[in-house]
Every structure is written in structure tokens, then in C-alpha cells.
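Summary of structural features
The chain contents come next:
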Amino acid sequence: KPPDWQDFLGIVVLLLINSTISFIEENNAGNAAAALMASLAPKTKVLRDGKWSEEDAALLVPGDMINIKLGDIVPADARLLECDPLKIDQSALTGESLPVTKQLGDAVYSGSTCKQGEIEA
């Protein structure tokens, strides 16, 4: 009995179509995940060269002054430079259930959330 070339070619064509669709879907999913991660990258208001600007938190360097206000996630470890009290939720770091009041010179830690006040650090 001769080989069944028609069935063979049909199966190969279906496999190629399936592989192409899978590749396109995987590529689209990867692009969507990358776009989501980029949009969630933390940004902060930073004072450099006497001007306030919004920068990626990953670009902060020692000596930068940052502005922390209500709802902000602290982008980097810092010391507070103003006297107004600031309430910081450190529960992700310490497990404390209530926000902690921070004063002049106190340290705030990356990943904690500002619950009340606005300050430069």
C-alpha cells in the first residue's frame, strides 16, 4: 500500500499553524507582562541640581532629596529632614498593625507606605 502523503501533509500543516499561533500568543503575553511591570515601577519626586523632577526609584543615589506624601511608597531608605510628624505604615517590614509616627532625623525604610503627612527626606 503506498504512503498516505495527503494525511502526512495535512498533519504537518496543522502542526505548523498551531506552532505559529502558540508563538504569537506567548509573545503577546510576554509583552503584556513587561508593560505591566513597567507601569508599576515605582517613581518618586526627587530634588537634583535645585530642581524637583519625577524619576524612577531605581535611579536614586545617596544624597538625593525625596518628597514623601500621603499614599506614597517610600522608594529608598532615608532620613527625615523636616520637623512635621509623619505616620508610616511599616507592617510589611515589621508586622506592626498600626502606623508609626516618625520625627526629624528618624529613618524611613524602602517599601513602607506614608499614611499621614508630607515631608522631605
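Residues numbered from 1 in each chain as written. Predicted model: local features only at pLDDT ≥ 70, side-chain atom pairs only at ≥ 80, totals over all residues. Heavy atoms only, no water.

**A few points about the pairing of strand β3 (residues 65-69)**
Of the pairings in the sheet, the one linking strand β1 (residues 43-48) to β3 comprises three bridges and is antiparallel in character. Residue pairing in the sheet places Val-46 in a bridge with Ile-66 of β3. In this structure, β3 lies alongside strand β9 (residues 118-120), joined through three bridges in antiparallel fashion. Its bridge partner being in β9, Ile-68 is matched across the sheet by Ile-119. (Pairing = 2+ DSSP bridges. Helix = DSSP H or I, 4+ residues; strand = E, 2+ residues; numbered from the N terminus.)

**Re the packing of aromatic side chains**
For any pair of aromatic rings, the description rests on two quantities: the centre-to-centre distance and the angle between the ring planes. Within this structure, the stated rule accounts for one aromatic pair. Ring centres 5.9 Å apart and planes at 85° place the aromatic pair Trp-5 and Phe-8 in the edge-to-face group. Taken as a pair, Trp-5 and Phe-8 lie in helix α1 (residues 5-39) at a separation of three residues, close to a single helical turn. When its relative accessible area of 46% is taken as the criterion, Phe-8 is described as partly exposed. (Phe/Tyr/Trp six-rings, centres within 6.5 Å; stacked < 30°, edge-to-face > 60°. Buried < 20%, exposed > 50% of the residue type's maximum accessible area, 1.4 Å probe, protein only.)

Any functional reading would require information beyond the geometric quantities listed.
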